[in-house]
Amino acid sequence: MERFLRIDRRIIFAIIAGAVIISLILQFELPIPGSKPVLAVYKKIESIPENSHVMIAFDYDPSSKEELQPMAVAFLHHCFSRNLKVIAMTHYPGAPGLVEQALNAVAGQYGKEYGEDYAFLGYKPGGASLIINMGENLYTAFPKDFYGNDTIALPILQGIGSLRDIDYLFDLAAGTTIETWIVYGKEKYRFEFGAGCTAVMGPDMYPFLQSNQLNGLLAGLKGAAEYEALINKKAFAVSGMRSQSVIHAIIILFVLFGNIIYFMSRRTRHA
Amino acid sequence: MRKDTDFFILVFSVGLFVCTNIFLMASGKLPISFNGFGIVLGAGLTLAIYSFLYKDNPAFKIAENLYVGVSLGYTIIIVWFNFLKPDLYDPLIVPFFSEAAKTPQYTLLVPSLLGIFMLLRFSRNLAWLSRWTFAFVVGLGAGISIPRVISAFILEQIKPSLRPAFTGGETILSSIDTLLILLGVTSVLIYFIFSLEHKGTIGKVSKVGIWFLMISFGASFGYTVMARVSLLIGRVQFLLKDWLGILQ
């Protein structure tokens, strides 16, 4: 009995790796119903009139790519399919490569033109002060876009002076930027605000849903998968959820197994 | 003996990785291009990082140090081209050397000097100048943050906790939600009152608070497990799809 309590942890790693690989290779479908916070983001995008401006803050870097990039791609699909104008920016210096990858791949599928239908303002440091600056004047915060064009000359930004003119702002966050956007942006400039975040941050964001400071939330790969299913563009997140479910079942079994063995070994020790 | 085995495993793994890539490129599954070599590099670094799960090894150390160096180098380039060049160098420095350009924006000298003062902490004689910058940052930060944080994190958060449970029109479930939030907030707050002994009614209510805290820790841990597994799934998807071409 004691040897079960001293299993080499590498065996557990190997089981997990094997389960991920097998569940990815085997094609089977699991239902992915849309939860209330994800549906709220979806319905918001559905309700915005065509040619409205949606700003997406890509506040993550490659270390959170696996969770947030599928979310970004799914959200972009929805925006472009609804003919919304997308303005992208980031607080993270590691994000621009990922933003370009997502924007160019999705915009290309819908025949969208850079500068007309979407724009990437690039990275700027500052966090809270950058948000305040954007709330006062978008052009002083970003005089040039990521490619060195004058932002004032971009057709997509005609009629946009500051954050007050944005119809919906969506933050894809791997850190504390959701709170920063709420405190320094939404509270003062009163724009509609939704967010997507890593699963680790998910539970901390629910109070903001409760207080309506966030209109909706996509948390982790599950949130991304739900959104992919809602827009009928099943891709990385949906296929990843198969493995996710299998791994969760295995972890639950490990926890039960470990506890049963622990209590059994305690009983034999006392006997 | 043990070191020899580890060295053999390392050499064997590297050899297997090289052979796999040669096979993939020769069979046309991986393109012989920058993109193809990028995928090989990505796969190699992913495997090198995950090799730590077996044991600390030179491949992991190389990948770890490469990550630190590359991310720092990338950040420096992005900061220069996205921030320092368009916001400082072009409007302040370029006009001095170009006749066609506009007049320099001298107001930028103030934040630039404050930024340089911050770096003077490294100098023993001039470190006192950095206090000016810190005083500016702390003063401005506190002035901007305090009212906003109180409004967003305290006042706005209190509102849903004080919402009446039964006002008519809402479902029974939403009323139960509101009552649960009220019970959770009060019991956890009572648990954190340490100036009173946790006995009698206070003790019972604080026990309820502990249950609420435990459930929230469990939810957080569950989400954390999901996040870490998601990262693994993403990397395995990359290896199986982009590198080995097994997944379509």
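Residues numbered from 1 in each chain as written. Chains lettered and ligands numbered in written order. Predicted model: local features only at pLDDT ≥ 70, side-chain atom pairs only at ≥ 80, totals over all residues. Heavy atoms only, no water.

Undergrad: An account of the packing of helix α9 (residues 220–230) of chain A against helix α10 (residues 236–270) of chain A is needed here, citing residue identities and associated values.
TA: Residue and element names in this part refer to chain A. Two elements in contact, α9 and α10, have axes whose closest approach is 8 Å; the angle formed by their N-to-C orientations is 130 degrees. Relative to α10, α9 is oriented oblique. You can see that α9 and α10 cross each other, and the crossing is left-handed. Only Phe 236, Ala 237, Val 238, Gly 240, Met 241 and Gln 244 of α10 make contact with α9, whose side of the interface consists of Leu 221, Lys 222, Ala 224, Ala 225, Glu 228 and Ala 229. Here the residues of the contact of α9 with α10 sort into 8 nonpolar, 2 polar and 2 charged. (Axes fitted to C-alpha atoms, helices over the stretch in contact; angles between N-to-C directions. Helix = DSSP H or I, 4+ residues; strand = E, 2+ residues; numbered from the N terminus. Parallel < 35°, antiparallel > 145°, perpendicular 65-115°, else oblique. Left-handed = near helix turned anticlockwise from the far one by under 90°. Contact = heavy atoms within 4.5 Å. Nonpolar A, V, L, I, M, F, W, Y, C, P; charged D, E, K, R; others polar.)

Undergrad: Could you give me a rundown of the interface of chain A and chain B, with the residues and numbers involved?
TA: If you look at the interface, chain A gives 48 residues, while chain B gives 43 residues. Buried surface at the junction of chain A and chain B, summed over both partners, amounts to about 4200 Å²; 65% is from carbon and sulfur atoms. On inspection of chain A and its partner chain B, the count reaches 2 salt bridges. A salt bridge links Asp87(B) to Lys124(A); its shortest N-O distance comes to 3.2 Å. The interface formed by chain A and chain B includes 15 residue pairs in polar contact (both at pLDDT 80 or more). Among the secondary structure elements, those contributing two or more residues to the side of chain A that touches chain B are α1 (9–25), α3 (65–81), α4 (96–109), β3 (118–123), α7 (177–189), α8 (202–210), α9 and α10 of chain A. (Buried area = accessible area lost by both parts, 1.4 Å probe. Salt bridge = Lys/Arg side-chain N within 4 Å of Asp/Glu carboxyl O. Polar contact = N/O pair within 3.5 Å; in protein donor to acceptor, adjacent residues only side chain to side chain.)

Undergrad: For helix α4 (residues 109–119) of chain B, give the residues involved together with the corresponding values.
TA: Along α4(B), the positions that sit buried rather than exposed are Ser112(B), Leu114(B) and Phe117(B). Buried-residue contacts for α4(B) involve α3 (58–97) and α5 (130–161) of chain B. (Buried < 20%, exposed > 50% of the residue type's maximum accessible area, 1.4 Å probe, protein only.)

Undergrad: I'd like to hear about the sheet that holds strand β2 (residues 85–90) of chain A, residue by residue, with values.
TA: All names here are of chain A. What the 6 strands build is an open sheet, ordered β3-β2-β1-β4-β5-β6; its pairing is parallel. For this open sheet the edge positions go to β3 and β6 (217–219), each flanked by a neighbour on one side alone. Ignoring which end each strand starts from, the neighbouring axes of this sheet average 15 degrees apart. Sheet topology note: the strand β4 (residues 168–173)/strand β5 (residues 193–197) ladder contains 5 bridges and is parallel. Bridge pairing in β5 places Leu 169 opposite Phe 193. (Pairing = 2+ DSSP bridges.)

Undergrad: Summarise the domain arrangement of chain B; cite the residues concerned and give the values.
TA: All names here are of chain B. With domains assigned, chain B is organised as domain 1 (2–98), domain 2 (105–162) and domain 3 (165–248). Computed over C-alpha atoms, the centres of domain 1 and domain 3 are 37 Å apart. Residue-level contacts link 12 residues of domain 1 with 8 residues of domain 3. Approximately 830 Å² of surface area, both sides summed, lies buried where domain 1 meets domain 3, with 74% of it carried by carbon and sulfur atoms. Of all residues in domain 1, the largest losses of buried area upon contact with domain 3 belong to Ile 39, Thr 46 and Tyr 50, amounting jointly to 46% of the total for that side. There are 2 residue pairs in polar contact (both at pLDDT 80 or more) connecting domain 1 and domain 3. Every element with two or more residues in the side of domain 1 that touches domain 3 is listed here: α1 (2–26) and α2 (34–50). Counting residues per element, the side of domain 1 that touches domain 3 draws most heavily on α2, which supplies 6 residues. Residue classes in the side of domain 1 that touches domain 3 are distributed as 7 nonpolar, 4 polar and 1 charged. (Domains from an automatic or database assignment.)

Undergrad: If you had to explain a nonpolar patch on the surface to someone new, which residues and values would you point to?
TA: Residues and elements named next belong to chain A. A surface patch of nonpolar side chains, amounting to about 1100 Å² of accessible area, comprises Met 1, Phe 4, Ile 7, Ile 11, Ile 12, Ile 15, Ile 252, Leu 253, Leu 256, Phe 257, Ile 260 and Met 264. Those elements giving two or more residues to the nonpolar patch turn out to be α1 and α10. In terms of residue count, the dominant contributor to the nonpolar patch is α10 (6 residues). Residue position: Ile 7 is located in the segment before α1. A residue is classified by how much of its surface remains accessible, and Ile 7, at 36% relative accessible area, is partly exposed. (Patch = residues over 30% accessible without salt bridge, like charges linked within 9 Å, V, L, I, M, F, W, Y side chains within 5 Å. Areas by Shrake-Rupley, 256 points an atom, 1.4 Å probe, with all protein chains shown as cover.)

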